[in-house]
Amino acid sequence: MNAIEARDLSKTFRVKQKEKGMAGSLKAVFRPKLQEIRAVDQISFSVEEGEMLAFIGPNGAGKSTTIKMLTGILFPDEGQVEVLGIDPVKNRRKLAYEIGTVFGQKEQLWTHLTPYDNFRFFGAIYDIPNSDIETRIRELADTFDLGSFLNTPVRNLSLGQRIRCEITASLIHKPRVLFLDEPTIGLDPVVKESIRELIMRMNTELHTTVFLTSHDVGDIEKLCRRIIIVNGGRIVLDDSMEHLKSHYLHRKHKENAQPSEVTLESIITEIYKAQSLQHPEAPEPGMEV
Amino acid sequence: MSTVVKNQLRVCLLSVKYNIMRAMVNRVAFLMNILFMILNNASFIIQWLILLGLKPEIGGYTLREIMLFWGLAASSYGLANIFFARAFSLPNLIISGKLDSFLVQPKSVLLSVITSATASSAIGDFLYGLAIICAFCFSVQRLLLFLLFAVTGAVIITAFAVLMGSLSFWFVKAEVFGSNMVNSTINFSTYPDGIFDGAARFLLYQVIPVGMAIYRPVHVMISFDLTELLMVLGYAVLLSAAAAFLFYRGLRRYSSSNLMEARI
């Protein structure tokens, strides 16, 4: 069964343009110029239940916009989305009970509260009875080794501890699909590794579907068996990690390159470079005006 | 009460509780905020005492009645900012794309957003209003009416703030217009309606909701009238429904952002 199904998904933003200097600002007051940015353009793909998918692309490629449409944050302009058979546009609340989200750049936890109080709050959000939430917190704290800082205010935690708590908070309601947007951003290699182990364990033990966007090749290589690369709002590659590597290895062999030179990072960089000639980086979407 | 409503209420109250806990992290600042808000409000009594010393009635109201306007305005505004403070900064959340974390939760986005902050000084506003009513015009019936109207006033002011704030989904520049409209509601609410006539009176009763949030309730507290009470209740419900409708229509245009942010 497919956990995620996207068909011809599109999203366009209108971004304000302004000429330089004060004269440009004055002109923009009377004659504002708007540029349409097609952030996501007719994207179609599906993800099987229990699969771990890397959804990557250069900055401005449309990754975050896609993830936000899948989670019900943004409304698509065209196309259809179903996550676990639920339409995020029509049934946002119902879907929210089934999915977890971690945005590495956006903190969901209350920083003045301890992880314990935060988990209690998230428990209330997902209608978990008080008696059950205690058991669940104990379970997660043991699994993810949070015991030593469970009662320390979040603002006093290290970045690695905070991200572990963010991921734990997103798992409090046992989601079937987990969306991770740059979960290891800014973390040191040891913490990155422990986060990856945590995600891996969730997938094997709970059969959680993982939809991952990351610029960290290590995340992709160690976690995912399938990769989708987007650029200019379109899918430019959808392949298994194994096939992608063997294909490039084969090609490089023909060019007499050493196998050690063919790393996932070099493959991705090559694809990005080839694509950047066709699709220069798009500005990040701003407020529609 | 249905389970959905009960669970939503539980989250809202927990959110307000955590907001107050956050404000109490700095104990001295928390208490000073409350105390100075009470003192700040109290300073206006002197202004009215001087004015009413020159003329016993202003706009048809004596000191006791004018204090009712002040007390109700302070408590309504106070309650709105204790429970729904984020409604007053809605445009900023919309324009900066800070609604994401609320949109991935299985609860009402609007209620989760507006209850996600508390202004600690608003506790001073609420207490000040209560003290005024007890000091100047106490009766059990009036106190009960006062508490009811403080709630309807808070709901009306919040709904108006949401209505104005939601315009930011369509126009970025609506932020300034909306905040001026909300501020004018608060400013006008501390003056008795008898001093306004013509276009100003029309504006206060028909455009900005100060008439329904403060003026009519004060009339009911001075001389009880069931019809006027029901009108205020009905208006609070209607305005809330209109605010929710506009907010959710606007939410379809929400475009998020990739700015780094923390929930502080």
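Preceding this paragraph is the structure being described.
Residues numbered from 1 in each chain as written. Chains lettered and ligands numbered in written order. Predicted model: local features only at pLDDT ≥ 70, side-chain atom pairs only at ≥ 80, totals over all residues. Heavy atoms only, no water.

It is not clear to me how the overall build of chain A should be interpreted in this structure. Could you clarify?
From N to C terminus, chain A includes 10 helices and nine strands. The C-alpha radius of gyration of chain A comes to 21 Å, within 12% of the 19 Å expected for a compact globule of 289 residues. Projected onto its principal axes, the C-alpha coordinates of chain A cover approximately 60 × 55 × 40 Å. Residue burial in chain A is summarised as follows: out of 289 residues, 54% are buried. Excluding contacts between residues fewer than 6 apart, the proportion of contacts in chain A whose partners are at least 24 apart in sequence is 72%. When the accessible surface of chain A is totalled, it reaches about 13100 Å², and 49% of it is carbon and sulfur. Measuring between centres, the 37 positive side-chain charges of chain A sit 6 Å from its 41 negative side-chain charges. (Helix = DSSP H or I, 4+ residues; strand = E, 2+ residues; numbered from the N terminus. Rg over C-alpha atoms; globule rule 2.2 N^0.38 Å. Buried < 20%, exposed > 50% of the residue type's maximum accessible area, 1.4 Å probe, protein only. Contact = heavy atoms within 4.5 Å. Areas by Shrake-Rupley, 256 points an atom, 1.4 Å probe, with all protein chains shown as cover. Lys, Arg positive; Asp, Glu negative; His and termini not counted. Charge placed at Lys NZ, Arg CZ, Asp CG, Glu CD.)

Would you explain the sheet that holds strand 7 (residues 209-213) of chain A in this entry?
Hydrogen bonding along the main chain pairs the strands of a sheet, whether they run parallel or antiparallel. All names here are of chain A. Spatially, the six strands line up as an open sheet ordered 5-6-7-3-8-9, and their pairing is mixed. The sheet terminates laterally at strand 5 (99-103) and strand 9 (234-240), the two strands that pair on one side only. Going from strand to strand, the sheet's axes swing by 15 degrees on average, the running direction of each strand aside. The pairing of strand 8 (residues 226-231) with strand 9 spans six bridges and is antiparallel. Bridged to isoleucine 229 within strand 9 is leucine 237. Sheet contacts for helix 2 (residues 63-70): strand 3 (52-56), strand 5, strand 6 (177-181), strand 7 and strand 8; angle to strand 6, the most-contacted strand, approximately 155 degrees. Together, strand 5 and strand 6 form the strand contacts of helix 6 (residues 159-171), whose direction differs from that of strand 5 by roughly 160 degrees. (Pairing = 2+ DSSP bridges. Axes fitted to C-alpha atoms, helices over the stretch in contact; angles between N-to-C directions.)

It is not clear to me how the interface of chain B and chain A should be interpreted in this structure. Could you clarify?
If you look at the interface, chain B gives 45 residues, while chain A gives 40 residues. When the two sides are added together, the surface that chain B and chain A hide from each other amounts to roughly 3900 Å², 55% of it contributed by carbon and sulfur. Across the contact surface, chain B and chain A share two salt bridges. Residue Lys68(A) pairs with Asp100(B) through a salt bridge whose shortest N-O separation is 3.6 Å. The interface formed by chain B and chain A contains 11 residue pairs in polar contact (both at pLDDT 80 or more). Sorting elements by how many residues they give to the side of chain B that touches chain A places helix 1 (residues 3-23) of chain B first, with 11 residues. (Buried area = accessible area lost by both parts, 1.4 Å probe. Salt bridge = Lys/Arg side-chain N within 4 Å of Asp/Glu carboxyl O. Polar contact = N/O pair within 3.5 Å; in protein donor to acceptor, adjacent residues only side chain to side chain.)

Whenever I open this one, the pairing of strand 5 of chain A confuses me. Can you help?
Across a regular strand the side chains alternate sides, sitting on one face of the sheet and then on the other. All names here are of chain A. For strand 5, a buried count of five out of five residues is recorded, marking the element as mostly surrounded by other parts of the structure. Along strand 5, one buried face is formed by Ile99, Thr101 and Phe103 and the opposite face, lined by Gly100 and Val102, is buried too. Inspection of the sheet shows strand 5 paired to strand 6 by five bridges, in the parallel sense. In the sheet register, glycine 100 faces strand 6, and the bridge partner there is leucine 178.

For this particular structure, what's the right way to read the pairing of strand 7 of chain A?
All names here are of chain A. Counting buried positions along strand 7 gives five out of five residues, so the element sits mostly inside the fold. What you see with strand 7 is no split at all: Thr209, Phe211 and Thr213 on one side and Val210 and Leu212 on the other are buried throughout. Where strand 6 meets strand 7, five bridges bridge the pair, whose relative direction is parallel. Of the residues in strand 7, the one forming a bridge with phenylalanine 179 is phenylalanine 211. Crossover connection from strand 6 via helix 7 (residues 189-206) to parallel strand 7: handedness right-handed. (Right-handed = clockwise from strand over helix to strand, strands pointing away.)

Just to check I follow, could you spell out the packing of aromatic side chains for this structure?
The relative placement of two aromatic rings is captured by the distance of their centres and the angle of their planes. Scanning the model with the defined rule gives 21 aromatic pairs over all chains in all. Cluster of aromatic residues (ring-pair linked, three or more members): Phe45(A), Phe55(A), Phe179(A) and Phe211(A). (Phe/Tyr/Trp six-rings, centres within 6.5 Å; stacked < 30°, edge-to-face > 60°.)

Quick question: what am I supposed to make of the environment of Thr152(A) here?
All names here are of chain A. Mapped onto the secondary structure, threonine 152 falls in the loop between helix 5 (130-143) and helix 6. Spatially, the C-alpha atoms of threonine 152 and tyrosine 116 are 8.6 Å apart, while their sequence positions differ by 36 residues. Those residues in contact with threonine 152 that sit more than four places away from it in its chain are Leu113, Thr114, Pro115 and Leu157.

Just to check I follow, could you spell out a nonpolar patch on the surface for this structure?
The grouping of Val28(B), Met32(B), Leu35(B), Phe36(B) and Leu39(B) at the surface amounts to a nonpolar patch, some 490 Å² of accessible area in total. Examined against the element boundaries, Phe36(B) turns out to sit in helix 2 (residues 27-54). (Patch = residues over 30% accessible without salt bridge, like charges linked within 9 Å, V, L, I, M, F, W, Y side chains within 5 Å.)

Where do I start with the environment of Lys192(A) in this structure?
All names here are of chain A. Relative to the elements of secondary structure, lysine 192 occurs in helix 7. Exposure remark for lysine 192: the relative accessible area of 18% places this residue in the buried category. Through-space distance from the C-alpha of lysine 192 to that of glycine 160 is 7.9 Å; in sequence the pair is 32 residues apart. Excluding its chain neighbours within four sequence positions, the residues that come into contact with lysine 192 are Thr184, Leu187 and Asp216. Engagement of the side chain of lysine 192 in a polar contact is seen with the side chain of aspartate 216, the distance being 2.5 Å.

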